[in-house]
Amino acid sequence: QDKSVIAKCYGRWFDRLITRLGIQTPDGKSLATLVAAEMTNGGSAMVDLVGYGSSAYDQLKDSGLTIVGINGGSTSEAHDRGGQMSFANKRTEVYWKFREALDPAYGLDIRLPIDEELKSDLSAIHWELVGGRIRVEPKEKTKERIGRSPDKGDAVVYAWAMAQQESVSNIEVAEHQQYEIFDS
């Protein structure tokens, strides 16, 4: 079963990932409770709007906390660093932008937690060019190939996307993958 993962990003540094088995967060209410408990020092949370995340988002948005929803299958208007290629969807955009940020030539010196599953998740994502647009493979294909959901990788790339979008110092991302397909 998929996991719920919270990735906390402080500038270019990621704290250890907070992971709960899906059985520990079986619904949106329990996921919202987990997110709220981790936001005691403020900050912002980006919540995946697919699966239980949509219910968690609905509960959190009225809580007074700063909550942003993301749907990986939604349209992206962004381009790669060189401005040459566009993205098939938001999930592709956030993964590609994080890939660019990790490039040593770019010089961001991102500090990830030591976590073998995270390293596996980030390196497992395949991509292709489709109609002149970059597209990461559907999450279901990644799950089939590696035998599990890349929940830790998703949480980290969403946290990075939030950090870049919001320019705040304390970013928290709730990521729970319990859905049929992530891209459209």
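For the structure given in this document, a descriptive report is provided here.

Cut-offs applied
Residues numbered from 1 in each chain as written. Predicted model: local features only at pLDDT ≥ 70, side-chain atom pairs only at ≥ 80, totals over all residues. Heavy atoms only, no water. Core = buried A, V, L, I, M, F, W, Y, C linked by side-chain atoms within 4.5 Å. Buried < 20%, exposed > 50% of the residue type's maximum accessible area, 1.4 Å probe, protein only. Helix = DSSP H or I, 4+ residues; strand = E, 2+ residues; numbered from the N terminus. Contact = heavy atoms within 4.5 Å. Salt bridge = Lys/Arg side-chain N within 4 Å of Asp/Glu carboxyl O. Phe/Tyr/Trp six-rings, centres within 6.5 Å; stacked < 30°, edge-to-face > 60°.

## Topic: the nonpolar core
Working step 1: Judged by nonpolar contacts, the single largest core of 26 residues is most densely connected at Phe14, Phe98, Ile110, Val156 and Trp160.
Working step 2: Looking at this core, the elements that each hand over two or more residues are strand 1 (3–10), strand 5 (66–70), helix 3 (90–102) and helix 6 (151–166).
Working step 3: Other than its neighbours up to four places away in sequence, isoleucine 110 contacts Arg12, Phe14, Phe98, Ala101, Leu102 and Trp160.
Working step 4: Residues Ile6, Leu34, Ala45 and Val47 belong to the second largest nonpolar core, which totals twelve residues.

## Quick word on the pattern of salt bridges
Working step 1: What the rule picks out here adds up to 17 salt bridges.
Working step 2: The partner of glutamate 117 in a salt bridge is lysine 3, and the shortest N-O contact between them spans 2.6 Å. Pair noted here: glutamate 117 is in helix 4 (residues 116–124) and lysine 3 is in strand 1, with a separation of 114 residues, a long-range link.
Working step 3: A relative accessible area of 22% means that glutamate 117 is categorised as partly exposed.
Working step 4: One salt-bridge network, in which partners are shared between bridges, spans Lys3, Glu117, Asp121 and Arg148.

## Some remarks on the packing of aromatic side chains
Working step 1: Considering all chains together, one arrives at four aromatic pairs under this definition.
Working step 2: The interplanar angle of 90° and the centroid separation of 6.3 Å between the aromatic rings of phenylalanine 14 and phenylalanine 98 together place this pair among those described as edge-to-face. A residue pair is termed long-range when its members are at least 10 positions apart, and phenylalanine 14 in strand 2 (residues 13–14) and phenylalanine 98 in helix 3 qualify at 84 residues. The pair phenylalanine 14 / phenylalanine 98 is uniform in exposure class, with both members buried.
Working step 3: One aromatic cluster is present, formed by Phe14, Phe98 and Trp160 through successive ring pairs.

## Concerning the environment of leucine 34
Working step 1: Relative to the assigned elements, leucine 34 resides in helix 1 (residues 28–38).
Working step 2: Ignoring anything within four residues of it in the chain, the contact list for leucine 34 reads Ser4, Ile6, Arg20 and Thr25.

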